[in-house]
Amino acid sequence: MIFSAFERMVAMRYLRARRQEGFISVIAGFSLLGIALGVATLIIVMSVMNGFRAELLGRVLGLNGHLNVYSARGGPLPDYDPLVQRLQGVPGVVGVTPTVEGQALVSVRGVASGAVVRGVRPEDFRVRPTLSRNIVRGTVEAFGEDNIAIGIRMAQRLGLAVGDQMTLIAPQGNVTAFGTVPRMRSFTIGAVFDVGMFEYDNSFIFLPLPEAQAFFRTGEAVTSLEVFVSDPTQIRAARDAIQSAVAGVGRVVDWQQSNASFFTALQVERNVMFLILSLIITVAAFNIISSLIMLVKDKGRDIAILRTMGATRGMIMRIFFLSGASVGVAGTLLGVALGVSFALNIETIRQGIQALTGTNLFNAEIYFLSQLPAKIDWSEVVQVTLMALGLSFAATVYPSWRAARLDPVEALRYE
């Protein structure tokens, strides 16, 4: 073994300081606690950042196509059926959804607000898991003809229920001799969805495709084709194949281009948080250095006696290295246990704190999601663990080397 039984015994004895050496033990305890908190905080924050990205990516891609095909000349896409068949033949494409999208004004009992109106075929609406599996009121089969689907937040904000009427005001009015008259159309609410993302639950309305075409006056055309692929993470290869399929007819915009600034901001924030929180572990490692230096200073006579009894410089260095490394290893393992446990139960902990304090710690209007997400990336946990252990081991090298270089004659001169 690297460490002999004698070295382990002496190292552990030095960690259990006597009463007059209690201050050194306190510093070692704070070092252990600092490393544990630093590791735990880093794991928790990185898990929450991963959870945010995964949840937002899943919900954004669940409601929007992985790629969108627009008319190359601008405006609607007429005679889109041949283009749909051509896209369905592209390898990796699992679905193509004709879509009509636009903005409208919602009027309910004299209260008006803006909304994003999206028209899709009823069969496409029913096979989209993000929508069909999150119907909280009404049924997915009710979507069709004059029955529409709205988000839970919009329903709560406007006091609407399944079966109520909603009036939509189109952005293009009817031109008459007396000026432009707003075009209004009433629809019946057939389903209410809750996808867990505030922006969609509060402002999106789904119409059957024929009704949306009539409402926005696109005729038989659509505004875009939403394309879903088997692996959205490999979007560049799919985009090249789809662009070749629609060459001269349409232009392709993938989800990375549509949400580039949003996901880039998340990635930058994640990297900065990792760097900042790593400093906590670094500060705790400096505490190990200070506690070991004080321990070496205090144990000068003991080191001299051990040297005169035959202990080599290597043995002295390994004894103090083991003392400091034990603090680092124990702190790292404690931090990993705390961080993983907290990340796995973070939503339960959040709800408990909210119940105790009576405050809303995670406002859906600000954070877009209705629940606090956390996704543990075990490769990152290993990376954080190795970093903490590496810093802890590095912090013990200099004090251990100083202990091994101590001259027994000088240490015992005035004893």
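For clarity, every value in this text was computed on a predicted model and none was experimentally measured.

Cut-offs used in this document
- Residues numbered from 1 in each chain as written.
- Predicted model: local features only at pLDDT ≥ 70, side-chain atom pairs only at ≥ 80, totals over all residues.
- Heavy atoms only, no water.
- Helix = DSSP H or I, 4+ residues; strand = E, 2+ residues; numbered from the N terminus.
- Rg over C-alpha atoms; globule rule 2.2 N^0.38 Å.
- Buried < 20%, exposed > 50% of the residue type's maximum accessible area, 1.4 Å probe, protein only.
- Contact = heavy atoms within 4.5 Å.
- Areas by Shrake-Rupley, 256 points an atom, 1.4 Å probe, with all protein chains shown as cover.
- Lys, Arg positive; Asp, Glu negative; His and termini not counted.
- Charge placed at Lys NZ, Arg CZ, Asp CG, Glu CD.
- Patch = residues over 30% accessible without salt bridge, like charges linked within 9 Å, V, L, I, M, F, W, Y side chains within 5 Å.
- Salt bridge = Lys/Arg side-chain N within 4 Å of Asp/Glu carboxyl O.
- Pairing = 2+ DSSP bridges.
- Core = buried A, V, L, I, M, F, W, Y, C linked by side-chain atoms within 4.5 Å.

Draft legend 1. Highlighting the overall build of the protein chain. If you tally the helices and strands in the protein chain, you get 17 helices and 12 strands. For a compact globule of 415 residues, the expected C-alpha radius of gyration is about 22 Å, and the protein chain comes in at 32 Å, more than 25% above that figure. Expressed as lengths along the three principal axes of its C-alpha atoms, the size of the protein chain is roughly 110 × 50 × 35 Å. Here the protein chain holds 415 residues, and 47% of them are scored as buried. Once local pairs closer than 6 in sequence are excluded, the contacts in the protein chain between residues at least 24 apart make up 78%. Element-wise, carbon and sulfur atoms account for 59% of the exposed surface of the protein chain, whose accessible area totals about 20,700 Å². Between the centroid of the 36 positive side chains of the protein chain and the centroid of its 31 negative side chains there is a distance of 10 Å.

Draft legend 2. Inspection of a nonpolar patch on the surface at higher detail. Judged by side-chain polarity, Val26, Phe30, Leu33 and Leu37 come together as a nonpolar surface patch covering roughly 380 Å² of accessible area. Relative to the assigned elements, leucine 33 resides in helix α2 (residues 22-63). In this structure leucine 33 comes out as partly exposed when scored by relative accessible area, which is 42%.

Draft legend 3. How the structure looks around the pairing of strand β6 (residues 165-169). Alignment of strand β2 (residues 93-108) against β6, held across 3 bridges, turns out to be antiparallel. Among the inter-strand pairings, leucine 105 is bridged to a residue of β6, identified as isoleucine 169. As defined by bridge partners, β6 adjoins strand β9 (residues 184-193) across 5 bridges and the pair is classed as antiparallel. Note on β9: the bridge partner recorded for methionine 166 is phenylalanine 187.

Draft legend 4. View of unusual backbone geometry. In this structure, glutamate 145 takes a positive phi of about 55° despite not being glycine. With respect to the helices, strands and loops of the structure, glutamate 145 is situated in the loop between β4 (135-138) and β5 (147-151). Here glutamate 145 falls in the exposed class, since its relative accessible area comes to 67%. Here the phi dihedral of arginine 217 falls at roughly 60°; this positive angle occurs in a residue that is not glycine. The topology assignment puts arginine 217 in the loop between α8 (209-216) and β11 (224-229). Judged by relative accessible area, arginine 217 falls into the partly exposed class, the value being 49%.

Draft legend 5. Geometry of the nonpolar core. Core analysis: the largest hydrophobic core is formed by 73 residues, its most contacted members being Leu87, Ile150, Met166, Ile205, Phe206, Leu225 and Ile242. Tallying contributions element by element places α2 first for this core, with 8 residues. Excluding residues within four positions of it along the chain, isoleucine 242 makes contact with Leu67, Val69, Leu87, Val90, Val93, Val227, Val229 and Val252. Val39, Ala285, Val384 and Ala403 belong to the second-largest nonpolar core, a separate cluster that totals 37 residues.

Draft legend 6. Layout of the environment of leucine 389. Counting through the fold element by element, leucine 389 comes out in helix α16 (residues 378-404). Considered as a pair, leucine 389 and glycine 328 are 61 residues apart in the sequence and their alpha carbons are 6.4 Å apart. Each residue touching leucine 389, except ones within four places of it in the same chain, is listed here: Gly328, Val329 and Thr332.

Draft legend 7. Broad picture of α8. In terms of burial, α8 is largely enclosed, as 6 of its 8 residues are buried. Residues Leu209, Glu211, Ala212, Gln213, Phe215 and Phe216 constitute the buried set of α8. Lining the buried residues of α8 we find β2, β3 (111-120), β6, β9 and β10 (204-208). Where α8 terminates, the next one or two residues include arginine 217, which has phi positive at roughly 60°.

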